[in-house]
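Coordinates in review
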Protein chains: 2
Amino acid sequence: MSINAPEASGIEPIELSPSLPLPLYLQLAKHLRNQITSGKLAEYNALPGERELAETFGVSRVTVRKALSSLTAEGLLNKRQGSGWFINNSPHVEQRLSALTSFTEDMSSRGLQSGTVWLGRSISHATPEEALALNLRPREEVVRLNRLRLADTTPLAIELSVVPTKFLPDPFAFDGSLYQHLRNLGHAPHRALQRLSAVRLIPDLARQLELPEGAPALYIERRTFLENGTPLEFVASHYRGDAYDFVVELTLT
Amino acid sequence: MSINAPEASGIEPIELSPSLPLPLYLQLAKHLRNQITSGKLAEYNALPGERELAETFGVSRVTVRKALSSLTAEGLLNKRQGSGWFINNSPHVEQRLSALTSFTEDMSSRGLQSGTVWLGRSISHATPEEALALNLRPREEVVRLNRLRLADTTPLAIELSVVPTKFLPDPFAFDGSLYQHLRNLGHAPHRALQRLSAVRLIPDLARQLELPEGAPALYIERRTFLENGTPLEFVASHYRGDAYDFVVELTLT
DNA sequence: CTCTCTGGTATTAAATTGGTATTAAAAATT
DNA sequence: AATTTTTAATACCAATTTAATACCAGAGAG
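What you see is a predicted model, and the numbers here were worked out from it, not measured in a lab.

Parameters at a glance
One numbering rule holds for all chains: residues counted from 1, following each sequence as written. Here chains are named by letter from A upward and ligands by number from 1 upward, in the order in which they appear as written. For this predicted model, a pLDDT threshold of at least 70 governs which residues receive local features, and a threshold of 80 or more governs which side-chain atom pairs are given and counted, while totals over whole chains, interfaces and linings are taken from all residues. The basis for the side-chain values is all heavy atoms of the structure; hydrogens and waters are excluded. The criterion for an aromatic pair is that two Phe, Tyr or Trp rings (for Trp, the six-membered ring) have centres within 6.5 Å, with stacked assigned to planes under 30 degrees apart, edge-to-face to planes over 60 apart and tilted to the rest. Under the DSSP-based scheme used, a helix requires at least four consecutive residues in state H or I and a strand at least two consecutive residues in state E, with every element numbered from the N terminus. Between buried and exposed lies partly exposed: a residue is buried under 20% and exposed over 50% of the maximum accessible area for its type, with that area taken using a 1.4 Å probe on protein chains only. Charges are assigned to positions over rings by a cutoff of 6 Å between ring centre and Lys NZ or Arg CZ, combined with an angular limit of 35 degrees from the ring normal. By convention in this text, a residue qualifies as near a molecule or strand provided that one of its non-hydrogen atoms is within 4 Å of it. Under this grouping Gly is polar, as are all residues other than the nonpolar Ala, Val, Leu, Ile, Met, Phe, Trp, Tyr, Cys and Pro and the charged Asp, Glu, Lys and Arg. In the analysis that follows, any N or O atom pair within 3.5 Å is treated as a polar contact, provided that within protein one partner can donate a hydrogen and the other can accept it, and provided that, for residues neighboring in sequence, both atoms belong to side chains. Side-chain atoms within 4.5 Å are what join buried Ala, Val, Leu, Ile, Met, Phe, Trp, Tyr and Cys residues into a set we call a nonpolar core. The contact criterion used is simple: two residues touch if any of their non-hydrogen atoms lie within 4.5 Å. For every residue, the predictor reports its confidence as pLDDT, a number between 0 and 100.

Take the packing of aromatic side chains next. Counted under the stated rule, the structure contains two aromatic pairs over all chains. Measuring from ring centre to ring centre gives 5.9 Å for Trp118(A) and Phe174(A), while their planes differ by 80 degrees; the resulting arrangement is edge-to-face. Placement of the pair is Trp118(A) in strand 4 (residues 114-125) and Phe174(A) in the loop between strand 6 (154-164) and helix 6 (178-184), with a sequence separation of 56 residues. A residue is classified by how much of its surface remains accessible, and Trp118(A), at 26% relative accessible area, is partly exposed. Residue class for Phe174(A) comes out buried when judged on its relative accessible area of 6%. When the ring centre of Trp118(B) is taken as origin, the NZ or CZ atom of Arg121(B), which lies over that ring, is 3.7 Å away.

Near DNA strand C you find 24 residues, and of these Arg51(A), Arg65(A), Trp85(A), Arg51(B) and Arg65(B) are the closest. Among atoms of DNA strand C positioned within 4 Å of the protein, sugar and phosphate together represent 54%. At the level of secondary structure, the elements contributing two or more residues to the surface near DNA strand C comprise helix 2 (50-57), helix 3 (61-73), strand 1 (77-80) and strand 2 (84-87) of chain A together with helix 2 (50-57), helix 3 (61-73), strand 1 (77-80) and strand 2 (84-87) of chain B. Here the residues of the surface near DNA strand C are counted per class, giving two nonpolar, ten polar and twelve charged.

Near DNA strand D lie 29 residues; those nearest to it are Ser60(A), Gln81(A), Arg137(A), Ser60(B) and Thr63(B). In DNA strand D, atoms within 4 Å of the protein come from the sugar-phosphate backbone in 64% of cases. The contact in question runs from a phosphate oxygen of DNA strand D to an N or O atom on the side chain of Thr63(A), over 2.7 Å. Here Arg137(A) contributes a side-chain N or O atom positioned 3.0 Å from a phosphate oxygen of DNA strand D. Looking at the surface near DNA strand D, the elements with two or more residues in it are helix 1 (24-37) and helix 3 of chain A together with helix 1 (24-37) and helix 3 of chain B. Partitioning the surface near DNA strand D into residue classes produces ten nonpolar, twelve polar and seven charged.

What follows is about the nonpolar core. Residues Leu156(A), Leu168(A), Leu178(A), Tyr239(A), Tyr239(B) and Phe246(B) are the most contacted members of the largest nonpolar core, which totals 37 residues. The residues touching Leu156(A), leaving out its near neighbours within four places in the chain, are Phe103(A), Met107(A), Arg149(A), Leu150(A), Ala151(A), Leu209(A), His238(A), Tyr239(A), Arg240(A) and Ala243(A).

What follows deals with the confidence of the model for chain A. All names here are of chain A. Looking at chain A as a whole, the pLDDT averages 83, with 86% of positions reaching at least 70. Of the regions scoring below 50 in pLDDT, residues 1-8 engages in 21 contacts with residues more than four places distant in sequence or in other chains. Between residues 91-96, whose pLDDT stays under 50, and residues either more than four places distant or in other chains, the model counts four contacts. Across the interface, the model reports ipTM at 0.80; the global pTM reads 0.81.

Here it is, written out as structure tokens:
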């Protein structure tokens, strides 16, 4: 099931004149080339149908096809029978979001030695909150992974990952990167929504992070999804306040 | 209350027209996308069943499924057989990520009244730190804008923006959105790099935010750039930790 | 277990898409 | 002037998309 968009034209009509020295199909090709390369049609990357184009420009379908064919030869367009004409080289700026990386991958990219101390790994039933976040049936089984994260030797974060057992059957079956392990099992993380806020550390966590009670911390909740949109992992992390996170934002052009 | 109980619809019905150039399932997808991203259908909630949706919009179930499938591909929804369709995204995801928005624009898109209390606007020489962040010559002139940000009537953040006078000659020449004003002057912000961390509020800021001393806050440093990469603005903000969630979307490349 | 919710899928018909053959008028070539 | 090529129209063919109906399968309540 493909999604193409026979969107409401968006093509600017002009008057083509048969009396000009330039043949109609070339006049039309020129006009369409302008519209395409100027990016006015970039929104919908599909063109209106040949019949509709013929109508709006007051020429026959063959003329339209000839114009479109010459643009195809230039590499601007491609077509599919039964489907339509599509713009090839949309100068469409790819919207780059932050990359989804695991802690392990993240630290090594910053040249830090990542250390992990296991605080617990177990299988149990999902709490109502987890079931909601992971879209599970009530009391469905999940793996809980509780880890203390180190940068070199400094405690950096406490992380509690929750993954349904249907994606991660055995919490002891891996030792390094959770994401790498999930990828190996055919459940590659594809996208995540992350929510950050600032909190005061409760005594228990403060002790584990070797910080004074009530110290500020970055609280990060993350839901990770498979490519088909199914929730794969729910993570709640407390980072020490002087750790930081980068975010890039871009405007659309 | 069962987690899977479909919420009392809450879907606003519209009339879908087969005569429009856009196929029915895309018309429906568009409408549902609006409802979700505008926050009228909140994160974690279930959608009405496919049959019910088909009924309310007067189309077949297959059409509904096609619309829902395309939204799933966008990452907005996920489903579970025998259970239903669930909403992944929180409403402001779209705002925060795909667009570089100012506080003013951000708040109004969420239906909140954004208030601003001016704490100071002045022209002075850049500090060494600012000169570094903005890539200025030492002692080049900058505008300093210090604002208290309100959501409705609650203090939400303290913001200190620094902009070189070559981009913003007069700190008093605008009153609403700084970004809108800069765009009008031909200096459209195009990209931003943010750094977030958690801090304890110093007494001065705590008082202004009407919070107890030492309360946790999100400290956000932002550098905004023009399209050609020139630094345009440096902002240091303190958001109250209990009132503001930052949402970030991450994807694999 | 059964009954009734939920989503999943196969089959079908109609509409829409591009593809092609035929034809004729106009323009360029000989 | 005769011939060929280019241009442009009409009519019909084939692939695809759209959207409906009918039936299958998992989940949950009793």
